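Tertiary structure, described
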Amino acid sequence: MNIQSIKAYSDNYIWLITTNEGNLVIDPGEALPVINYIQQYSLGLTDILITHHHYDHVGGVIELKKDITGKVIGPQNDQIEGLDEQAIQGMVVESCGLKFDVIEIPGHTLDHIAYYLADPRQPRLFCGDTLFSGGCGRVFEGTHKQMYQSLEKLKALPDNTLVYSAHEYTLANLKFAQEVEVNNFHISEYIEVCQKKVELDLPTLPSSIAIEKKVNPFMRCSEASLRQSISQKMLGSKKASDSEIFAYLREWKDSF
Ligand SMILES: [Zn+2]
């Protein structure tokens, strides 16, 4: 299996997965970059997988659908044009010989799902706009509690799970992470690693669940250092649950 990122818009990644049985793309927000790539490498497209309804994730579906030999699979949302199959929690989506577990992760949008390849040697997660490296998506449709619970679901995946997010937001996210946890040396180390990749025009992704647990404040709501920082900034002596800490953190990031 080979996984390639295709850039779209200013900072979107469309993930292209190639196996012996075919090629699939995840979240083709634009058709042209995908068409250019598959023509350059003489690939045919089998299936299209969608994580949520936002335009920068589905904008290329109708055009690409003309040329696929398989299906367009996405969340349970009739607003998404061109869907052949709707995927819900617990379902297994089979594509190009791969079996993706569907995980419902509402919050960024209510329809948001992730696709998880459970191979224990190397698990992989395609999580759209829910989990980014060093951050998470904005809460547009769901509640903060829903988003927190969705991130906890992803946090429970094996540490070695590779994380394929849909945007290159890593360095900007880590700047905020550093502001929140001044003394977390994992963050400054990871900034250096990512900086080098960006300078070489390489994606900072995939990340991993292990890395995110160390550097991503939204994955660290129960950590004492983070709670202390939130208390100083906005809470005072008020008590807060982990999901409330998440909500404060998300609000802080929204205005950062
Ligand atoms: Zn989105």
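Below you will find a few notes about this structure. Per chain, residue numbering runs from 1 following the sequence as it is written. Local features in a predicted model are, by the rule used here, given only for residues with pLDDT of at least 70; side-chain atom pairs are given and counted only at 80 or more, and totals for whole chains, interfaces and linings are based on all residues. Where side-chain values are given, they derive from all heavy atoms of the structure, hydrogens and water being excluded.

Two elements in contact, helix H8 (residues 224-235) and helix H9 (residues 242-254), have axes separated by 10 Å at closest approach and are oriented at 60 degrees. With respect to H9, the axis of H8 lies oblique. Judged by the sense of rotation from one axis to the other, the crossing of H8 with H9 is left-handed. Residues Leu 226, Arg 227, Ser 229, Ile 230, Lys 233, Met 234 and Leu 235 of H8 lie in contact with H9, whose contacting residues are Asp 242, Ile 245, Tyr 248, Leu 249 and Trp 252. Any residue that is not Ala, Val, Leu, Ile, Met, Phe, Trp, Tyr, Cys, Pro, Asp, Glu, Lys or Arg is counted as polar, Gly included; the first ten are nonpolar and the last four charged. Taken together, the residues of the contact of H8 with H9 break down into 8 nonpolar, 1 polar and 3 charged. Lines are fitted to the C-alpha atoms to define the axes, a helix being fitted only along its stretch in contact, and any angle between axes, read from their N-to-C directions, falls within 0 to 180 degrees. Helical segments are the DSSP runs of H or I of at least four residues, strand segments are the runs of E of at least two, and each set is numbered from the N terminus. Any angle that is under 35 degrees is reported as roughly parallel, and any over 145 degrees as roughly antiparallel; angles of 65 to 115 degrees are reported as roughly perpendicular and all others as oblique. Each crossing gets its hand from how the near helix is turned against the far one by less than a right angle, where anticlockwise is left-handed and clockwise is right-handed. Contacts were defined at the residue level, with two residues in contact if any of their heavy atoms lie within 4.5 Å.

We now examine the packing of helix H4 (residues 144-155) against H9. Interhelical geometry of H4 versus H9 gives an angle of 110 degrees and a closest axis separation of 9 Å. Of the possible angle classes, the one that applies to H4 and H9 is roughly perpendicular. Each of His 144, Lys 145, Met 147, Tyr 148 and Leu 151 in H4 lies in contact with H9, whose residues at this interface are Asp 242, Ser 243, Phe 246, Ala 247 and Arg 250. The residue inventory of the contact of H4 with H9, partitioned by class, reads 5 nonpolar, 2 polar and 3 charged.

Glancing now at the coordination of the zinc ion. Protein coordination at the zinc ion: the donors are His 52 (NE2), His 54 (ND1), His 108 (NE2) and Asp 129 (OD), at 2.2 to 2.3 Å from the metal. Here the coordinating atoms are restricted to nitrogen, oxygen and sulfur within 2.8 Å of the metal centre, or 3.2 Å for Na, K and Ca, and because water is not among them the sites may look incomplete. Tetrahedral means four donors with every angle between 85 and 135 degrees, whereas square planar (four donors) and octahedral (six donors) require angles over 155 degrees between opposite donors and between 65 and 115 for all others; sites fitting neither are termed irregular. Every donor counted, the 4 donor atoms about the zinc ion form angles of 91 to 162 degrees at the centre, which fits irregular coordination. Each donor residue of the zinc ion belongs to the same chain, with the gaps between them written as H-x1-H-x53-H-x20-D. Here His 52, found in the loop between strand S4 (47-49) and helix H2 (55-58), pairs with Asp 129, found in the loop between strand S10 (124-128) and strand S11 (131-132); they are 77 residues apart in sequence, far enough to count as distant. Relative accessibility thresholds used throughout: buried, under 20% of the residue-type maximum; exposed, over 50%; partly exposed, between the two (1.4 Å probe, protein chains only). Under the relative-accessibility criterion, His 52 is labelled buried at 0%.

Our next topic: the pairing of strand S9 (residues 113-117). Within S9, 5 of the 5 residues are buried, which leaves the element mostly enclosed by the surrounding structure. Here S9 shows two buried faces, one formed by Ile 113, Tyr 115 and Leu 117 and the other by Ala 114 and Tyr 116. Relative to S9, strand S8 (residues 98-104) runs antiparallel, the two being bridged by 5 bridges. Following the sheet pairing, Phe 100 is matched in S9 by Leu 117. The sheet contact formed by S9 and S10 spans 3 bridges and is antiparallel. Directly across from Tyr 116, in S10, lies its bridge partner Leu 125. Taking the residues that link successive antiparallel strands as the turn, the S9-S10 hairpin has 6 residues. Paired strands, as defined in this entry, are two strands with at least two bridges between them according to DSSP.

Quick look at the sheet that holds strand S2 (residues 12-19) now. Read from one edge of the open sheet, 6 strands run S1-S2-S3-S4-S5-S6, paired in mixed fashion. The sheet terminates laterally at strand S1 (2-8) and strand S6 (85-87), the two strands that pair on one side only. Between one strand axis and the next, the sheet turns through 25 degrees on average, direction left out of account. Bridge analysis of S1 against S2 gives 7 bridges, and the strand direction is antiparallel. Of the residues in S2, the one forming a bridge with Lys 7 is Tyr 13. Taken strand by strand, helix H1 (residues 32-40) contacts S1, S2 and strand S3 (22-26), and its axis lies near 135 degrees from that of S1.

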